[in-house]
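Understanding the architecture of this molecule
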Amino acid sequence: MMLLDIHEPGETPLPHSQDAEEAAVGIDLGTTNSLVAISHGGTPEIISDEMGQTLVPSVVAYLDGERTLVGEAARRALLDDADRVVASVKRLMGRGIEDMKGLAGQLPYDIVPNEAGGMVKLRVGGRVLSPVEVSAEILKALRARGEAALGKPVTRAVITVPAYFDDAARTATRDAARLAGLEVLRLVNEPTAAALAYGLDQGAEGLYAVFDLGGGTFDVSLLKLQTGVFQVLATGGDAALGGDDFDHAIAEHFLAQRGHVALDVAEVKRALVTARLAKECLTDRNTGSWVIEVGGEATEHHLDVATLEHLIGPLVERTIAACADVLRDADVSPTELSGVVLVGGSTRVPLVRRRVAEFFGREPLSNIDPDQVVALGAALQAEALTRGSDTLLLDVVPLSLGMETMGGLVEKVIPRNTPMPVSRAQDFTTYQDGQTAMAIHVVQGERELVHQNRSLARFELHGIPPMTAGAARIRVNFTVDADGLLTVSATEASTGIAQSVEVKPSYGLAEEDMARMLKESWENAREDMTARLLTEARVDAERLAIAVQAALVTDGDLLNIAERAAVDASLAHLAAMVAGVDREAVLGAVEALEQATQAFAERRMDRGIRTALSGVAIGRLESKLG
Amino acid sequence: MRLALPRSFALDGALLEKAYFAAQRQFHPDRFATRPAPERLEALQQATAINEAYEVLKSLRGRAEHLLALAGHTVPGGNGTTVSDPALLMEALEWREALADAEDAAAVDLVRTEARERIDGLVKDLGSAFDAGDHRRAAALVLSLTYIEKLADEARRRAATLAQAKRAAS
């Protein structure tokens, strides 16, 4: 007997659902690292590579020929082949050259001037690339990782963006996904995705602040969580503030100690890598020294925690001021909160944690890995969108949207923190007798003057019948969809003449650019993927071989002669396979070497723990004395 | 009527929220992400209308203005009309002076507290005006409410600026 299925509208997947053959994933496309995750039955998990790595460094290397590397392999190339490697490309999404910030006057990118204005382009290893294309490479790698792990095509994704990303950056992210062959189910704000992961995992209810400090962006969102509903009340932040800026401050400090020097792009990149290393070391140590090499001359630089905190203090205070703004917007005091959630790798910096705890008057929560929580939330939302769910995400417009009026002032049409989707209309009129056209300039931001805000689009409404000044009634309609993307249309009331634009021109890609890139990427996709998978397997295999050889040098005495011979044979086999072109063979050799070295690794660990324990005791003593 | 709520000024906030969530649960675009394009568009429009209704009803002033509009009354001071109530203009001026004279955080807080009390009083009066069906009086009260809310908002911003300055100084 057939049973009748009764569903709420929208909760049933289509009968010919592609779910069985094609997966929908959640992607956190970060400034420093990216992740891909999948959820089954409300339980999300990060998809890791064969080596168990969860993070994909958001770094792309364009090596000689057509070879493109993404992730860890590209990150290692950053030091040796710096001018062929792009890192932190998210900071350039939807941005113009005026948004760029340099180190000692030099950017860690080789920027190609774009006469038309709009989004910057980069010169990398002899190619000229848009940040959208570079981001698409990262997305393709994530997609490939998902396909390799799930054993089926990945065609749809929820991609997270900083809540404070403006319309241009959101559009650029969507374009990158399209280039990578992914249909974007939804762009979800990062703090909202994090709240989703927390709320569902911990059964949280009440008011929560999500403090999300990533590599290049900062968001703070205030959410009300109750059974199944995640309602964003207010959001704020800074789309150009993150751990990268800490690195900049440290690098500037080191370079200032050397006196004035001119740096090339590669030197800037290396100085930033060193600064980042210093920052990470000082998370659990009090002091250290690092070496910077510029113009062939190496200098050593000392840094302690007090100096570090002095350097990054002003940046951290900017995040705290944004928290105060958000609470004020929502008319909420810190005591009314049920919890504060930390998201983003930069919340590992002790000063950040301390200041957040002080400001909110409570210890923040970080029981879900701050690097993973956003991707986990995105995966949950991808599952909810494709398979139905009882949870409801209600998000808001992060930045006010408005129009230029007389005298360069901004008339806000949709104020920030308005729930999405939203549509608002405002009437404008002509200011000259017989005026037949009107320029419409759409801007985004909180400032009063047009030039202090981001310009999103300009268009003209023509064919207004000649009337006396002030008689025409031009209705401008702003619509923001569930992805936070804006469409603007204008109509003259008496004639009904209408014009509408999807807000894109200033910073988005032109359609013909998009078509060309899409075509190129289809043509290269298959070769790219096979080549990339092989390259990655080789790189990982080499990494393992180097680690084993190093271990043999220090702890070779832990093996007897027969064991040693087995390890050496596995190493030789691996080297032979890496020289070939068979990815499966390389992976098999890696596995064989891992098996051959398992007992060795365990014995090394025992020895390591004994050494570490005595080391810790001395270390503690020193820090107490110091 | 989008949220199927009774037409009343004395609307319970929890009831409004419940109706809002129920409506969004049904129509939010997230529920239609894999449906054909016409259904997605319909969901988008519905969810937009629901958000609009919620925003209007959530604010006491928005709710009052909406009820007055339904009853065919306009609020003076709105599109193109002028305010001619001297008592109101005088009161607004006094509030403004009080805020301008408040130099430290404590003084601003005092203005905020007084403004809040005045708002509470106006809301109570609005409730009885609507109960009595006196729309003319309700319209006048809404106008007062508009002025005081604007001032309370300015006071809030001022307090935040002072707090920030204090933080920066310490």
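So, here's what we can say about the structure. (Residues numbered from 1 in each chain as written. Chains lettered and ligands numbered in written order. Predicted model: local features only at pLDDT ≥ 70, side-chain atom pairs only at ≥ 80, totals over all residues. Heavy atoms only, no water.)

Below, the discussion takes up the overall build of chain B. Looking only at helices and strands, chain B features six helices and zero strands. N-terminal to C-terminal, the α/β element order of chain B is α-α-α-α-α-α. Among the 170 residues that make up chain B, the fraction classed as buried is 38%. Taking contacts inside chain B between residues at least 6 apart in sequence as the whole, the part at least 24 apart equals 63%. With an accessible surface of roughly 9,700 Å², chain B has 55% of that area assigned to carbon and sulfur atoms. (Helix = DSSP H or I, 4+ residues; strand = E, 2+ residues; numbered from the N terminus. Buried < 20%, exposed > 50% of the residue type's maximum accessible area, 1.4 Å probe, protein only. Contact = heavy atoms within 4.5 Å. Areas by Shrake-Rupley, 256 points an atom, 1.4 Å probe, with all protein chains shown as cover.)

Moving on: the packing of helix 1 (residues 13-27) of chain B against helix 2 (residues 37-58) of chain B. All names here are of chain B. For the pair helix 1 and helix 2, the least separation of the axes is 9 Å and the interaxial angle reads 170°. What the angle tells us is that helix 1 and helix 2 run roughly antiparallel. From helix 1, Leu16, Glu17, Tyr20, Ala23, Gln24 and Phe27 reach across to helix 2, where they touch Ala43, Gln46, Ala47, Ile50, Asn51, Tyr54, Leu57 and Lys58. Of the residues contributing to the contact of helix 1 with helix 2, the split by class is nine nonpolar, three polar and two charged. (Axes fitted to C-alpha atoms, helices over the stretch in contact; angles between N-to-C directions. Parallel < 35°, antiparallel > 145°, perpendicular 65-115°, else oblique. Nonpolar A, V, L, I, M, F, W, Y, C, P; charged D, E, K, R; others polar.)

For the rest of this paragraph, the subject is the pairing of strand 20 (residues 401-405) of chain A. Residue and element names in this part refer to chain A. Note: strand 20 against strand 21 (residues 409-414), five bridges, orientation antiparallel. Bridge assignment links Thr405 to a residue of strand 21, and that residue is Leu409. A loop of three residues connects strand 20 with strand 21, the two strands running antiparallel in sequence, and Gly407 in this loop sits at a positive phi of about 75°. Where strand 20 and strand 23 (residues 438-444) come together, three bridges link them in antiparallel fashion. Paired with Met403 across the bridge in strand 23 is Val442. (Pairing = 2+ DSSP bridges.)

This next bit is on the interface of chain A and chain B. Listed as interface residues are 38 residues of chain A and, on the opposing side, 27 residues of chain B. A combined buried area of about 2,700 Å² lies between chain A and chain B, and 51% of that area is made up of carbon and sulfur atoms. Our enumeration of links across chain A and chain B arrives at two salt bridges. As a salt-bridge pair, Lys224(A) and Glu17(B) come within 2.8 Å of each other at their nearest N and O atoms. (Buried area = accessible area lost by both parts, 1.4 Å probe. Salt bridge = Lys/Arg side-chain N within 4 Å of Asp/Glu carboxyl O.)

Here the focus is the packing of aromatic side chains. Within this structure, the stated rule accounts for four aromatic pairs over all chains. Here Phe359(A) and Phe360(A) contribute two aromatic rings whose centre-to-centre distance is 4.9 Å and whose plane-to-plane angle is 85°, an arrangement assigned as edge-to-face. The burial state of Phe359(A) is the same as that of Phe360(A); both residues are buried. Ring plane angle 40° and centroid distance 5.7 Å describe the contact between Tyr20(B) and Phe21(B), whose orientation is recorded as tilted. A single burial state applies to Tyr20(B) and to Phe21(B), both of which are buried. Joined through ring pairs, the aromatic side chains of Tyr20(B), Phe21(B) and Tyr54(B) make up one cluster. One Lys or Arg, Lys90(A), reaches over the ring of Phe165(A) and ends 5.9 Å from the middle of that ring. (Phe/Tyr/Trp six-rings, centres within 6.5 Å; stacked < 30°, edge-to-face > 60°. Lys NZ or Arg CZ within 6 Å of the ring centre and 35° of its normal.)

Further remarks concern empty space enclosed by the protein. Residues and elements named next belong to chain A. Across all of its chains, the model carries eight cavities of 30 Å³ or more by this definition. Along its surface, the largest cavity is lined by 13 residues, and Arg186, Leu187, Asp395, Met420 and Ala482 are the ones closest to its centre. Among the elements that take part in the lining of the largest cavity, strand 12 (residues 183-189) stands out by supplying four residues, more than any other. Tallied by class, residues from the lining of the largest cavity come to five nonpolar, three polar and five charged. The residues that make up the lining of the largest cavity include at least three from each of domain 1 (23-242 + 314-394) and domain 2 (401-507). Looking at the second largest cavity, it is lined by 12 residues, and the ones nearest its centre are Ala23, Ala24, Ile38, Ser39 and Arg387. Of all the secondary-structure elements, those providing two or more residues to the lining of the second largest cavity are strand 1 (23-29), strand 2 (33-40) and helix 9 (373-387). Tallied by class, the residues present in the lining of the second largest cavity amount to three nonpolar, three polar and six charged. (1 Å grid on protein atoms, 1.4 Å probe; cavity = no way out; pocket = protein on both sides within 12 Å on 5 of 7 lines; lining within 4 Å. Points joined across faces, edges and corners; volume = space filled by probe spheres on them. Domains from an automatic or database assignment.)

Attention now moves to the environment of His310(A). Residues and elements named next belong to chain A. When you line up the elements, His310 lands in helix 7 (residues 305-330). Accessibility expressed as a relative area gives 64% for His310, which makes it exposed. In sequence terms His310 and Ala249 are 61 residues apart; their C-alpha atoms lie 10.0 Å from each other.

This part covers the environment of Ala100(B). For Ala100(B), the position within the fold is in helix 4 (residues 86-101). C-alpha of Ala100(B) to C-alpha of Arg158(B): the two residues are 58 residues apart in sequence and 9.9 Å apart in space.

Further remarks concern the sheet that holds strand 10 (residues 127-129) of chain A. Residue and element names in this part refer to chain A. The strand order across the open sheet built from three strands is 8-9-10, with neighbouring strands paired in antiparallel fashion. At either margin of the open sheet sits one strand with a lone partner, and together these are strand 8 (111-112) and strand 10. Judged from the two bridges that link them, strand 8 and strand 9 (residues 121-124) form a sheet pairing that is antiparallel. In the sheet register, Ile111 faces strand 9, and the bridge partner there is Leu122.

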